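Survey of secondary and tertiary structure
What follows is the residue order along each chain.
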Amino acid sequence: MPDATHALLVIDVQNDFCPGGALAVPEGDSIIPGINALMDDFAAVILTQDWHPSDHLSFASQHPGKAPMDLTQMPYGPQVLWPDHCVQGTAGAAFHPALRTDRADLILRKGFRRPIDSYSAFFENDKTTPTGLDGYLRTRGITALTLTGLATDFCVTYSAVDAVRLGFAVTVRQDLCRAIDFDGSLAAAQDGMAQAGVRLA
Ligand code: VGL
Ligand code: ZN
């Protein structure tokens, strides 16, 4: 009998983050069979979907003279500029066709506000605008989370650290995550998660 207080959170397993996509994470698709199998062990499964308007300000294309992977200053702090990705309604924003979506109780979209990026499934990058996921989980009585998905060093880490701060018991299945690993970002993310109290499995 799966534990009703423990949810599986699957972060951003979308075509644009898989090989051939606009912001491909190396081996991003290799984790999908393992995530699909893990769904059977959980009473609650939540998928997140990066979901940007075509003129989103996290896109380098919106900043003349900037290139993908450059840094910029946003009102809320430094922001990496990405290639255009996960544009609402495009094939790139769709879940990878191999991902089981039938088991999802909730599909949470994030990053839909043009001026604010949203790595975390809980708060946008200003660290104050909530996505509503905290309330959803609490009202269902969920207190523990296992995280999988893409990318380890951005959306998975930000979600995991916010979840710990919100009081959830958090495990990240690193074997079911893959990283962009740009400029030391994976090592920094692993340190940050360990310090925050995320269990790295
Ligand atoms: C992500 C960069 C930009 C992610 C999303 O899912 O990790 N990374 N948007
Ligand atoms: Zn994004």
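Refer to the structure printed above.
This section reports on the structure supplied with the text. Fair warning: this is a prediction, and the values are worked out from it, not measured in the lab.

Moving on, we come to the overall build of the protein. Helix and strand content of the protein: four helices and eight strands. Helices and strands appear in the protein in the N-to-C order β-α-β-β-β-β-α-β-α-β-α-β. Taken over C-alpha atoms, the radius of gyration comes to 16 Å for the protein, in line with the 17 Å a tight globule of 201 residues would show. Taken along the three principal axes of its C-alpha coordinates, the protein extends 55 × 35 × 30 Å. Residues classed as buried in the protein amount to 43% of the 201 residues present. Within the protein, residue pairs in contact and separated by at least 24 positions form 71% of the contacts whose partners lie at least 6 positions apart.

Attention now moves to the nonpolar core. Across soluble globular proteins, nonpolar side chains show a tendency to be buried alongside one another. Of all hydrophobic cores here, the largest spans 50 residues; its most connected members are L9, A151 and A160. Taken together, the elements giving at least two residues each to this core come down to β1 (6-11), α1 (32-38), β2 (44-50), α2 (133-139), β6 (144-150), α3 (152-165), β7 (169-178) and α4 (185-196). It is α3 that provides the largest number of residues to this core, a total of seven residues. Setting aside anything within four residues of it in sequence, one finds A151 in contact with F17, V25, V156, R178, A179 and I180.

This brings us to the site of ligand 1. Near ligand 1, the surroundings consist of D12, F17, D50, W82, Y119, L150, A151, F154 and C155. Partitioning the shell around ligand 1 into residue classes produces seven nonpolar, no polar and two charged.

Two strands pair when backbone bridges link them, and strand β3 (residues 71-74) and strand β4 (residues 77-80) are joined in this way by four bridges, in the antiparallel orientation. Across the sheet, the residue bridging to Q73 is P78, located in β4. Between β3 and β4, which follow one another and run antiparallel, lie two residues.

Before going further, it helps to spend a moment on unusual backbone geometry. Backbone torsion omega between L150 and A151 reads -15°, so that peptide bond is classified as cis. Among the structural elements, A151 can be located in the loop between β6 and α3. Positive phi, normally seen in glycine, also occurs at M69, with a value near 80°. You will see that D181, though not glycine, has its phi angle at about 50°, which is positive. In this structure, D181 sits in the loop between β7 and α4. Accessibility expressed as a C-beta count within 10 Å gives 15 for D181, which makes it partly exposed.

Spatial ordering of the open sheet is given by β5-β2-β1-β6-β7-β8, a layout of six strands whose pairing is parallel. Each having just a single partner strand, β5 (106-110) and β8 (199-200) make up the two edges of the open sheet. Relative to β8, β7 runs parallel, the two sharing two bridges. Bridged to V172 within β8 is L200. Sheet strands touched by α3: β1, β6 and β7. Its angle to β7, the strand with the most contacts, is close to 170°.

How each quantity is defined
Residues numbered from 1 in each chain as written. Chains lettered and ligands numbered in written order. Predicted model: local features only at pLDDT ≥ 70, side-chain atom pairs only at ≥ 80, totals over all residues. Helix = DSSP H or I, 4+ residues; strand = E, 2+ residues; numbered from the N terminus. Rg over C-alpha atoms; globule rule 2.2 N^0.38 Å. Buried ≥ 20, exposed ≤ 12 C-beta atoms within 10 Å, placed from the backbone. Contact = placed C-beta atoms within 7 Å. Core = buried A, V, L, I, M, F, W, Y, C linked by C-beta atoms within 7 Å. Near = placed C-beta within 6 Å. Nonpolar A, V, L, I, M, F, W, Y, C, P; charged D, E, K, R; others polar. Pairing = 2+ DSSP bridges. Axes fitted to C-alpha atoms, helices over the stretch in contact; angles between N-to-C directions.

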